[in-house]
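Each chain, written out:
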Amino acid sequence: MCLAVPARVIELLEDDRATVSLGGVKVACSLALVEGVAVGDYVIVHVGYALSKLDPEEAERTLALLAETGTGIGALPPASDAA
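These notes cover the structure that comes with them. (Residues numbered from 1 in each chain as written. Predicted model: local features only at pLDDT ≥ 70, side-chain atom pairs only at ≥ 80, totals over all residues. Heavy atoms only, no water.)

**Some words on the overall build of the protein chain**
Here is step 1: Broken down by element type, the protein chain carries one helix and five strands.
Here is step 2: In the protein chain, the proportion of contacts linking residues at least 24 apart, taken out of those at least 6 apart, comes to 40%.
Here is step 3: As presented, the protein chain carries roughly 5,000 Å² of accessible surface, and 55% of it is formed by carbon and sulfur atoms. (Helix = DSSP H or I, 4+ residues; strand = E, 2+ residues; numbered from the N terminus. Contact = heavy atoms within 4.5 Å. Areas by Shrake-Rupley, 256 points an atom, 1.4 Å probe, with all protein chains shown as cover.)

**What about a nonpolar patch on the surface?**
Here is step 1: Side chains of L33, V47, Y49 and L51 sit close together on the surface and give an oily, nonpolar patch of about 420 Å² of accessible area.
Here is step 2: Note that L51 resides in strand 5 (residues 49–54).
Here is step 3: L51 gets classed as partly exposed once you look at its relative accessible area, which sits at 42%. (Patch = residues over 30% accessible without salt bridge, like charges linked within 9 Å, V, L, I, M, F, W, Y side chains within 5 Å. Salt bridge = Lys/Arg side-chain N within 4 Å of Asp/Glu carboxyl O. Buried < 20%, exposed > 50% of the residue type's maximum accessible area, 1.4 Å probe, protein only.)

**Topic: the pairing of strand 4 (residues 42–46)**
Here is step 1: Burial analysis of strand 4 places four of its five residues in the buried class, which makes it a mostly covered element.
Here is step 2: Pairing analysis gives four bridges linking strand 1 (residues 5–13) to strand 4, with the strands arranged antiparallel. Each bridged residue has a counterpart across the sheet, and for R8 the counterpart in strand 4 is Y42. (Pairing = 2+ DSSP bridges.)

**A look at helix 1 (residues 56–68)**
Every α-helix carries 3.6 residues per turn, so stepping three or four residues along brings you back to the same face.
Here is step 1: Its 13 residues place the ends of helix 1 18 Å apart at the C-alpha level, agreeing with the 18 Å of an ideal helix rising 1.5 Å per residue.
Here is step 2: Taken residue by residue, helix 1 has A59, L63 and L66 as its buried positions. Considered in projection along helix 1, the buried side chains sweep an arc of 60° and stay on one side of the axis. Exposed residues lying more than 90 degrees from the buried face of helix 1 are L65 and E68.
Here is step 3: Buried residues along helix 1 sit against strand 1, strand 4 and strand 5.
Here is step 4: Directly beyond the C-terminal end of helix 1, a positive phi value near 80° is found at G70. (Expected span 1.5 Å × (residues − 1). Arc of directions from axis to C-beta.)

**As for the environment of V34**
Here is step 1: Topologically, V34 is positioned in the loop between strand 3 (25–30) and strand 4.
Here is step 2: In this structure, the C-alpha to C-alpha distance between V34 and Y49, residues 15 residues apart in sequence, is 9.1 Å.
Here is step 3: Setting aside chain neighbours within four positions, we find V34 in contact with A50, L51, S52 and K53.

**Quick word on the side chain of T19**
Here is step 1: By secondary structure assignment, the location of T19 is in strand 2 (residues 17–22).
Here is step 2: In this structure T19 comes out as buried when scored by relative accessible area, which is 13%.
Here is step 3: Setting aside anything within four residues of it in sequence, one finds T19 in contact with R8, V9, I10, E11, L13, K26, V27 and A28.

Structure below.
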């Protein structure tokens, strides 16, 4: 099963890449498939690629639902990661 999860963009990098926070874990992902992404935006990430931008309220609802599963997926990023 594959899972795409909301992640907050915390840094824009060169070559259509960004650092995103997935539950406080910082990872690099490609922004090649999404236009107009800025620091603080939420994107849906799957296997290292941002697939689309996501409304912040929808991202937080989705992360809260994922957190309820008890799998560790969906923890909100620490306030220090907020833009």
